[in-house]
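Read off the chains here:
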Amino acid sequence: MTLPNNTKIAYGGDYNPEQWPQEVWARDYELFDLAGIDTVTLGVFDWALNQPALDRYDFDLLDRIVARAGAEGRQICLATGTGALPPWLAKLHPEVNRTDFEGRRHRYGQRHNACPSSPVFQRLSAELARRVARRYAGSEAVIAWHIGNEYGGACYCELCGAAFRDWLKKRYASLERLNEAWYTTFWSHRFTDWDEIEPPSALTEHWRGPDHTAFQGITLDYRRFMSEAMLANFIAEKEAIRESSPDLPITTNFMGMYQPIDYHRWAEHLDFASWDNYPPDDTSQARMALTHDLMRGLKGGQPFWVMEQTPSTTACRDVNPLKRPGVLGLWSWQSVAHGADAVLYFQMRASKGASEKYHGAVIGHGGRSDTRVFTETARLGEQFARLGGASLGARTPARTALIFDWDSWWALEMSDGPSRLLRYGQTMITVYSALWELGVDVDVVPVTADLDGYDVVVAPLLHMVKGDLAQRLEAVAARGGSVVTTLLSGRVDEDDNAFLADVPGPLAPLLGVRVDEWDAREADVVNPVRLGTSDDSVVSDSRLVFELVIPQGAEVVGVYEQDFYAGTPAVTRNTFGEGEGWYIGAMLDKPGLSWVIREVLKRHDIETRYADVPDLESAERVTPDGTRLLFLLNHRAEALEVEAQHSGTDLLTGTHVEKGERIRFEPCGVKVLRRTP
Ligand code: GLA
Ligand code: ZN
């Protein structure tokens, strides 16, 4: 089972008519018609409404909402409504509330607030999902199921403690094996009874928060456990839905680069991936591109849905900037360019009260159709209508892969030493940007991905090397590909214990280097790295962590310019089989990374696009019938003129573009070129 059946990009979003009087609904649909809204997500937080008491379900209002949406010709993504607990449940069974990292049992409040290990929550959430599915599976308007909402956070209660111990018993079978994995001889931690093990929290192994732990092993396993405990909640609801709805695709909305949940472990249980795109600022174009690619990578390159984005502003941040004119369309097209087959907003109409009354919505409190936001929404609706089904199901023809791994992310950021300043997500963005700016299509893939189709595999901060990954990376190089990795790679095994070998452990043969020492410095300490040969060299700053790289067969391509290691290698390239293994020993700034990436790409005839035009993004998708769609996105607030690098027809205007001719982009302008074969 894959994506919901559609004939065009699904367009719409979260719609909560249960929050306002029924008289308003008619106006809502009038406005939806004007804006080309064809899809609504319903009932995300309806638990208290649908089940007002333990022994009472009442679907009267949801019946009317679903029926109306269907009668108005909208397709529905129907939520199970379990994203927030109802107050009566928290009162009746206080253990459904979470216990926080400090050990405080919470009382009723907020949302995403259920203990994943509570049998009562497990039973009642699945039961609600079962009843929702049974009731509405027959409605033709329903095209997909939406379970829960933005799974995340963590619980540290007794129930979770017990479930954690069960999880550990399955994982390790014996305490001996667990003691070995967690390295418990250190600091007198040898466990002699499973019951001695508690969730790692501020009361036990931690200080200064969840990333500061005395024992990485237990903390790492607790993250894995918590991610799987919530996955089990998801699966329980999914199975309940399947009893009456065998065929409709099921999803839950992810949050992109969200650390607490290992989306790669979840992915196989979703029929299609969907995510909520709320970039932290308005300079996040590369970050969003990376995140779209990460979400597309969850289901092996299958298109995904943007389940939520704000049409204008968020409300949850201390300061919530407004999307500039044109940005709503531009960022929506960016998501389509990277594989989205649905573009949905949070939310369709602004809520009247509580914490999101300031949150942007397609329809504001005044219900007008002549606002800037509504007008831009409607313009995009027209464009999607014009595009029709042209991009549906299209795949990204990437020959470059970026490896992203939650285990490495967790292990690196909870490590004491060498530096707390080096952040996994930010590093991924910087490395990805170097590819993105060159206009290279990238698949962001898990460590378990099949790497056979890729010419270039980039694996920044590959801290943890698990299973047969080292051999599979070697195979990429052996057949002529290029593998690029960086500092702090090949350091630990699956248990977060160091390899008893030279750094970079199992990656050493591929990279042809050895690292005995590393120097971590404050953020303002810079060591310039000279890259390339003397007549053609480039100098780029590097910072944070400087590894002293000792070639063991690799060729030196970059050297430090300062400190006692001035003149020694910082970047190397090793011939391996028909291909190469690159090692970047220091956190190079973007110019240095771009230089390395350009060098790597030279060996492969991988298409770069508009590499010298900053702010002009390009991304390609190939439709099931082989049509190449090239998306060109002007991220500037000014118009832009360039020489076209490809011929094709712009599907948004019908205009033909000939390679070599000058083409003009409006501010935030977009073209979708059907490339001439
Ligand atoms: C999240 C949630 C929504 C809403 C939006 C607001 O993504 O899923 O319910 O709170 O944030 O930005
Ligand atoms: Zn719990």
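Just so it is clear, the model here is predicted, and its values are computed rather than measured.

Here's the deal with the packing of aromatic side chains
Okay, step 1: All chains considered together, the criterion is met by 39 aromatic pairs.
Okay, step 2: With a centroid separation of 6.3 Å and 15° between ring planes, the pair formed by Phe 164 and Trp 182 is classed as stacked. With a gap of 18 residues between them, Phe 164 in helix α6 (residues 158-172) and Trp 182 in helix α7 (residues 175-182) connect regions that are remote in the sequence. Each member of the pair Phe 164 and Trp 182 is classed as buried.
Okay, step 3: Ring centres of Phe 546 and Tyr 565 lie 6.4 Å apart, and the angle between their planes is 35°; on these two criteria the pair is classed as tilted. Of the two residues, Phe 546 is situated in strand β16 (residues 538-551) and Tyr 565 in the loop between β17 (555-560) and β18 (569-576); the sequence distance between them amounts to 19 residues.

A closer look at helix α8 (residues 216-242)
Okay, step 1: Under the 1.5 Å per step criterion, the end-to-end length of α8 is 38 Å for 27 residues, consistent within 8% with the ideal 39 Å.
Okay, step 2: With 21 of 27 residues buried, α8 lies mostly within the body of the structure.

Here we look at the coordination of the zinc ion (ligand 2)
Okay, step 1: Within the protein, the zinc ion (ligand 2) binds to Cys 115 (SG), Cys 155 (SG), Cys 157 (SG) and Cys 160 (SG); these donor distances fall in the range 2.3 Å.
Okay, step 2: Geometry at the zinc ion (ligand 2) is tetrahedral, judged from the 4 donor atoms that bind it and their angles of 101 to 117° at the metal.
Okay, step 3: Read in sequence order, the donor residues for the zinc ion (ligand 2) give the motif C-x39-C-x1-C-x2-C. Across the pair, Cys 157 and Cys 155 agree in class, each one buried.

Some thoughts on the environment of Tyr 263
Okay, step 1: Positionally, Tyr 263 belongs in helix α9 (residues 263-267).
Okay, step 2: On the accessibility criterion, Tyr 263 (1% relative accessible area) is buried.
Okay, step 3: In this structure the C-alpha to C-alpha distance between Tyr 263 and Gly 439, which are 176 residues apart in sequence, comes to 26 Å.
Okay, step 4: Filtering out sequence-adjacent residues up to four positions away, Tyr 263 remains in contact with Phe 254, Met 255, Gly 256, Tyr 258, Met 295, Leu 298 and Trp 406.

Some points on the site of ligand 1
Okay, step 1: Neighbouring ligand 1 are Phe 45, Arg 111, Asn 149, Glu 150, Asn 253, Asp 276, Tyr 278, Glu 308, Phe 346, Glu 356 and His 359.
Okay, step 2: Between ligand 1 and Arg 111, the relevant distance is 2.9 Å, taken from an oxygen atom to a side-chain nitrogen or oxygen of the residue.
Okay, step 3: Between ligand 1 and Glu 308, the relevant distance is 2.5 Å, taken from an oxygen atom to a side-chain nitrogen or oxygen of the residue.
Okay, step 4: Summarising the interface, the protein chains cover 95% of the accessible area of ligand 1, which totals 310 Å² for the free molecule.
Okay, step 5: Per-class residue counts for the shell around ligand 1 are 3 nonpolar, 3 polar and 5 charged.

Things to note about the domain arrangement of the chain
Okay, step 1: Split by domain assignment, the chain resolves into domain 1 (10-156 + 228-387), domain 2 (158-221), domain 3 (400-602) and domain 4 (616-675).
Okay, step 2: Distance from the C-alpha centre of domain 1 to the C-alpha centre of domain 3: 38 Å.
Okay, step 3: Taken together, the contacts link 20 residues of domain 1 with 17 residues of domain 3.
Okay, step 4: Buried surface at the junction of domain 1 and domain 3, both sides included, amounts to about 1600 Å², of which 68% is carbon and sulfur.
Okay, step 5: It is Gln 259, His 264 and Leu 290 in domain 1 that bury the most area against domain 3; as a group they hold 37% of the surface buried on that side.

Observations concerning the nonpolar core
Okay, step 1: Among the nonpolar cores identified, the biggest contains 173 residues, and Trp 145, Trp 182, Ile 197, Trp 333 and Val 571 are the most heavily contacted of them.
Okay, step 2: Per-element accounting of this core gives the leading share, 11 residues, to α8.
Okay, step 3: Listed in part, the 27 residues of the second largest apolar core include Ala 449, Ala 459, Ala 470 and Phe 576.

Focus on the environment of Leu 651
Okay, step 1: Tracing the sequence through the fold places Leu 651 in the loop between β24 (648-650) and β25 (656-657).
Okay, step 2: Along the primary structure Leu 651 and Leu 629 are separated by 22 residues, whereas in three dimensions their C-alpha atoms are 9.2 Å apart.
Okay, step 3: For Leu 651, the contacting residues outside a window of four places in its chain are Arg 386, Leu 387, Ala 390, Leu 629, Val 672 and Arg 674.

Observations concerning the side chain of Gln 334
Okay, step 1: Tracing the backbone shows Gln 334 in helix α11 (residues 327-337).
Okay, step 2: If we ignore the near neighbours within four places in the chain, the residues touching Gln 334 are Gln 285, Met 288, Ala 289, His 292, Trp 436, Glu 617, Leu 633 and His 635.

Some points on the sheet that holds strand β4 (residues 142-146)
Strand pairing in a sheet is mediated by backbone hydrogen bonds. Such pairs are either parallel or antiparallel.
Okay, step 1: In spatial order, the strands read β5-β4-β3-β2-β1-β9-β8-β7-β6; together these 9 strands make up an open sheet with parallel pairing. One side of each edge strand has no neighbouring strand; the edge strands of this open sheet are β5 (250-251) and β6 (253-254).
Okay, step 2: Across 4 bridges, the pairing between strand β2 (residues 39-42) and strand β3 (residues 75-79) is parallel. Across the sheet, Val 40 pairs through a bridge with Ile 76, a residue of β3.
Okay, step 3: Contacting β6, β7 (274-277) and β8 (304-309), helix α10 (residues 285-298) crosses the sheet at an angle of about 165° to β7.

What counts, and at which threshold
Residues numbered from 1 in each chain as written. Chains lettered and ligands numbered in written order. Predicted model: local features only at pLDDT ≥ 70, side-chain atom pairs only at ≥ 80, totals over all residues. Heavy atoms only, no water. Phe/Tyr/Trp six-rings, centres within 6.5 Å; stacked < 30°, edge-to-face > 60°. Helix = DSSP H or I, 4+ residues; strand = E, 2+ residues; numbered from the N terminus. Buried < 20%, exposed > 50% of the residue type's maximum accessible area, 1.4 Å probe, protein only. Expected span 1.5 Å × (residues − 1). Donors = N, O, S within 2.8 Å, 3.2 Å for Na, K, Ca; no water. Tetrahedral: all angles 85-135°; square planar, octahedral: opposite > 155°, others 65-115°. Contact = heavy atoms within 4.5 Å. Near = heavy atom within 4 Å. Polar contact = N/O pair within 3.5 Å; in protein donor to acceptor, adjacent residues only side chain to side chain. Areas by Shrake-Rupley, 256 points an atom, 1.4 Å probe, with all protein chains shown as cover. Nonpolar A, V, L, I, M, F, W, Y, C, P; charged D, E, K, R; others polar. Domains from an automatic or database assignment. Buried area = accessible area lost by both parts, 1.4 Å probe. Core = buried A, V, L, I, M, F, W, Y, C linked by side-chain atoms within 4.5 Å. Pairing = 2+ DSSP bridges. Axes fitted to C-alpha atoms, helices over the stretch in contact; angles between N-to-C directions.

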